[in-house]
Amino acid sequence: MTKVTVLGAGSIGCYVAGCLLSSGAVPSYVNSITLIGRERLQQDIAKNGIKVTDWQGRKQIVNPEHVTFALDNKSLEDADYILLCVKSQDTAHAAKMIKQWAKPSAIVISLQNGVSNPSRLRKYLSQEVIAGMVPFNVFYKGQGHFHCGTEGNLALEDPQGLCKPLISGLENASLPVTVYEDIVAVQYGKLIMNLNNAVNALSGVPLKKQLGDRQYRRVMAQVLSEALEVLNAEGITPARTGKVIPQLMPTIMKLPNFLFNIVAASTLKIDPEARSSMYEDLLLGRRTEVDYLNGEIVRLGEKTKILTPVNRHIVSLVKQSEHAKSGSPHLAANALLGQ
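Note that the coordinates shown come from a computational prediction; the quantities given were computed from them, not determined experimentally. Position numbers for residues start from 1 in each chain and track the written sequence from start to end. With pLDDT at 70 or above as the cut-off, local features in this predicted model cover only qualifying residues; side-chain atom pairs require 80 or more to be listed or tallied, and sums for whole chains, interfaces and linings still use all residues. Working from all heavy atoms in the structure, the side-chain values ignore hydrogens and water.

Trainee: What am I meant to see in the overall build of the chain here?
Mentor: A count of helices and strands for the chain gives 15 helices and twelve strands. Every radius of gyration here is taken over C-alpha atoms, with the globule rule written as 2.2 Å times N^0.38, N being the number of residues. Taken over C-alpha atoms, the radius of gyration comes to 19 Å for the chain, in line with the 20 Å a tight globule of 339 residues would show. In terms of overall dimensions, the chain has C-alpha extents of about 55 × 40 × 40 Å along its principal axes. Pairs at least 24 apart in sequence give 73% of the contacts found in the chain among residues at least 6 apart. Carbon and sulfur atoms make up 50% of the accessible area of the chain, which totals about 14600 Å². For the purpose of counting charges, residues Lys and Arg are taken to be positive, whereas Asp and Glu are taken to be negative. His and the chain ends are not included. Every charge is mapped onto a representative atom, which is NZ of Lys, CZ of Arg, CG of Asp or CD of Glu. Both charge centroids of the chain, one from 36 positive and one from 29 negative side chains, sit 5 Å from each other. The secondary structure listing takes helices from DSSP runs of H or I that are at least 4 residues long and strands from runs of E that are at least 2 residues long, numbered from the N terminus. Contacts are residue-level and defined by heavy atoms, with any inter-residue pair within 4.5 Å sufficient. The accessible surface values rely on the Shrake-Rupley method and a 1.4 Å probe; as for residues, cover is taken only from the protein chains in view.

Structure follows, in structure tokens:
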């Protein structure tokens, strides 16, 4: 039996695990998935189980007795696959836990934001590390309910086919996977999309409403233009991870509302309830991943001597909100531009 452990079981980890556990097509996974995460979620799930829903109408419930949720790392000992879902700032600590507890044959799959985590993990670990990418957004609605509000296929860099049993289970659970020989361009494509996380968190409104506001889209156009300029200077071409070519996104964001709505209707499938994970982090008073998203653009700008004022300002605003621990500051678009 293939044994899967989700390390850092937050919204993404619980959603993926919930889909696997609720899928009758993969009964062998029902008793072989262990989640390791925070006590708050453990208590919620022990009382309510896991409910997974999505923008397409998925609605599945896993009863509490079918969920194994641990607070310690001992469950890593017999894991065949470790789905790593911790925040980027916790990667080094997670790697130390894996090094201490996991068996040498375990396969570690990074399902994290940012672009540097797989290489950072390989510096610490002797286990095989697989780079992954989660394109969709998951928001925790409380009481064990995890809602996926956007579309996209999971992506894995698995040229040797090491993840075939896991991929089979994911696809049977209606979580399609695209396999790549080299995922770097895909990771940068996701990074481009994730630059909106901070804008959404600072705006305090749902993603669909935020993107429907041309003033917030003006902010995103600036954020994306800076990002594409520094990536181009580094010789990096971000891959298309959805229906929109990254290089066209600044132009699309500048469109008048009536034209943007036409484009969005065919390219952006977003649930009205969806919000970014960074919004949730601010809501819960947690440190965000902004240093690994917009901060990555600032870092590359410094390296290439290209100014990135809007991304830099947004990083500063997020850090101020982290320090305040009072949730989203609900800033207007002009404030995000530093005006």
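Further notes follow.
Trainee: Explain the packing of helix α9 (residues 214–233) against helix α13 (residues 294–304) to me, please; I cannot follow it from the model alone.
Mentor: In a pair of packed helices, the angle between the axes and the distance between the axes together describe the arrangement. Orientation is described by axes fitted as lines to C-alpha atoms, over the contacting stretch for helices, and by angles from 0 to 180 degrees between their N-to-C directions. Remark: α9 packs on α13, axes separated minimally by 9 Å, with the N-to-C direction vectors making an angle of 50 degrees. Comparing the axis directions of α9 and α13 gives the class oblique. Viewed along their axes, α9 and α13 form a crossing whose handedness is left-handed. Along its contact with α9, which presents V223, E226, A227, V230, L231 and A233, the element α13 presents N294, I297, L300, G301 and T304. Grouping the constituent residues of the contact of α9 with α13 by class yields seven nonpolar, three polar and one charged. When describing relative orientation, an angle under 35 degrees is termed roughly parallel and one over 145 degrees roughly antiparallel, while 65 to 115 degrees is termed roughly perpendicular and anything else oblique. Note: crossing handedness is left-handed where the near helix turns anticlockwise from the far helix by less than a right angle, and right-handed where it turns clockwise. Three classes are used, and their members are as follows: Ala, Val, Leu, Ile, Met, Phe, Trp, Tyr, Cys and Pro are nonpolar, Asp, Glu, Lys and Arg are charged, and the others, Gly among them, are polar.

Trainee: Please clarify how the sheet that holds strand β4 (residues 59–62) should be interpreted in this entry.
Mentor: Across a sheet, paired strands are connected by hydrogen bonds in the backbone, their directions being either parallel or antiparallel. A strand pair is defined by DSSP finding two or more bridges across the two strands. Taken together, four strands build an open sheet; the order of strands is β4-β3-β10-β9 and the sheet is mixed. Two strands bound the open sheet, and with one partner strand each, they are β4 and β9 (138–142). When the angles between neighbouring strand axes are averaged without regard to direction, this sheet yields 20 degrees. Pairing geometry for strand β3 (residues 50–54) and strand β10 (residues 145–148), over four bridges, is parallel. Paired with T53 across the two strands is H147, which belongs to β10. Set on the sheet, helix α1 (residues 11–21) makes contact with β3, β4, β9 and β10; between it and β3 the angle comes to about 95 degrees. Strands in contact with helix α2 (residues 39–48) are β3, β9 and β10; relative to β9, the strand with the most contacts, it is inclined by about 65 degrees.

Trainee: What's the story with the packing of helix α3 (residues 91–101) against helix α4 (residues 117–124) in this structure? I'm lost.
Mentor: Here α3 crosses α4 at 40 degrees, and the two axes come no closer than 9 Å. The orientation of α3 relative to α4 falls into the category oblique. Considering only the axes of α3 and α4, their crossing is right-handed. For the pair formed by α3 and α4, the contact residues are T91, A92, A95, K96 and K99 on the first element and N117, R120, L121 and Y124 on the second. Of the residues that constitute the contact of α3 with α4, the class distribution is four nonpolar, two polar and three charged.

Trainee: Hey, could you run me through the side chain of S22 in this one?
Mentor: Within the fold, S22 resides in the loop between α1 and β2 (33–36). For this analysis, a polar contact is any N or O atom pair within 3.5 Å, provided that within protein one partner can donate a hydrogen and the other can accept it, and provided that sequence-adjacent residues contribute only side-chain to side-chain pairs. A distance of 3.2 Å separates a polar atom in the side chain of S22 from the backbone oxygen of C19. Aside from chain neighbours lying at most four places away, what touches S22 is V52, Q60 and V62.

Trainee: Quick question: what am I supposed to make of the sheet that holds strand β8 (residues 128–133) here?
Mentor: As summarised here, the arrangement of the eight strands in space is β5-β2-β1-β6-β7-β8-β11-β12, forming an open sheet in which the pairing is mixed. Both edges of this open sheet fall to β5 (68–70) and β12 (177–180), since each of them pairs with a single strand only. Averaged over all neighbouring strand pairs, the angle between strand axes comes to 25 degrees, with direction disregarded. Examined bridge by bridge, strand β1 (residues 4–7) and β2 share four bridges and lie parallel to one another. What sits directly across from V6, in β2, is L35. Against the sheet, helix α6 (residues 184–194) makes contact with β8, β11 (154–157) and β12, and its axis sits at roughly 40 degrees relative to β8, the strand it touches most.

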